[in-house]
Amino acid sequence: MTDGEKRRIGLVEDHESVAIGLSAMLSVEPDLEVVASATTVALLLDQTDDLDLVILDLRLADGSTPEGNVRRLREHNIEVLVFTGAENAFLVRSAARAGVLGVVRKSQDAASVIDAVRLAASGGQVVTTDWAAAIDGDPSLSDVGLSPRQEEVLTLYASGEKASRVARLTGLSEQTVNDYLGRIRQKYADAGRPAPTKTDLYIRAVEDGWLPGPEGPY
């Protein structure tokens, strides 16, 4: 990058007021420019992939996962900084595995947010207490290692669907769905996080980021 060239920033945020505020905050910085903003990663990439950095909300209303969103952006060689209003260590850890540069809380003061964006846009790691805690992980919430198919069954079932409905939605037999649920429960039990009831499975799905918590999206 030559001297005086601005870093090109993309913003993926589905809360309009947050997107407007962040764009306005960065607009006065001589070396940073928000050139694209969208409510999903797909819509952002439809606009452009010529970006130095994408500022990504951790949880979006389209149901996409942080890890999936980050991987898609990294496939375009775009660096990613997570911008979130609340802490969910499993979602942050998921994003970290996919290669984000750090996490910044929406509650931080403007100067700190701008400094973090500037650092990340230059390829620097943004290290915060929340980031370190998420990377270190919580040993009481061990990763149970569900397969993608098991994650799909868990998400549907724990969100309130009956096994018969999960079977129709996934194209599996009801017996196969019940077998999956049995294996999922066993994996959680083996990890020291038993989930004998449907409510327990819902709690585990929220803890691991497969379902939004009752507080709503971030």
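In this text, all values refer to a predicted model and were calculated from it rather than measured experimentally.

This part takes up the overall build of the chain. Broken down by element type, the chain carries 10 helices and 5 strands. Sorting the 218 residues of the chain into buried and exposed places 42% on the buried side. In the chain, once contacts between residues fewer than 6 apart in sequence are set aside, the share between residues at least 24 apart is 66%. For the chain, the accessible area works out to roughly 10500 Å², and carbon and sulfur atoms hold 50% of it.

Another point: the packing of helix H1 (residues 16–27) against helix H5 (residues 110–121). Angle between the axes and distance between the axes: these two values describe a pair of packed helices. At a minimum axis distance of 11 Å, the contact between H1 and H5 shows a crossing angle of 75°. In terms of orientation, H1 lies roughly perpendicular with respect to H5. Listed contacts from H5 to Leu22, Met25 and Leu26 of H1 are Ala110, Val113, Ile114 and Val117. For the contact of H1 with H5, the class distribution of residues is 7 nonpolar, no polar and no charged.

Now for unusual backbone geometry. Located in the positive-phi region is Asn77, a residue other than glycine, with phi close to 60°. Along the chain, the position of Asn77 falls in the loop between helix H3 (66–75) and strand S4 (79–84).

Parameters at a glance
- Residues numbered from 1 in each chain as written.
- Predicted model: local features only at pLDDT ≥ 70, side-chain atom pairs only at ≥ 80, totals over all residues.
- Heavy atoms only, no water.
- Helix = DSSP H or I, 4+ residues; strand = E, 2+ residues; numbered from the N terminus.
- Buried < 20%, exposed > 50% of the residue type's maximum accessible area, 1.4 Å probe, protein only.
- Contact = heavy atoms within 4.5 Å.
- Areas by Shrake-Rupley, 256 points an atom, 1.4 Å probe, with all protein chains shown as cover.
- Axes fitted to C-alpha atoms, helices over the stretch in contact; angles between N-to-C directions.
- Parallel < 35°, antiparallel > 145°, perpendicular 65-115°, else oblique.
- Nonpolar A, V, L, I, M, F, W, Y, C, P; charged D, E, K, R; others polar.

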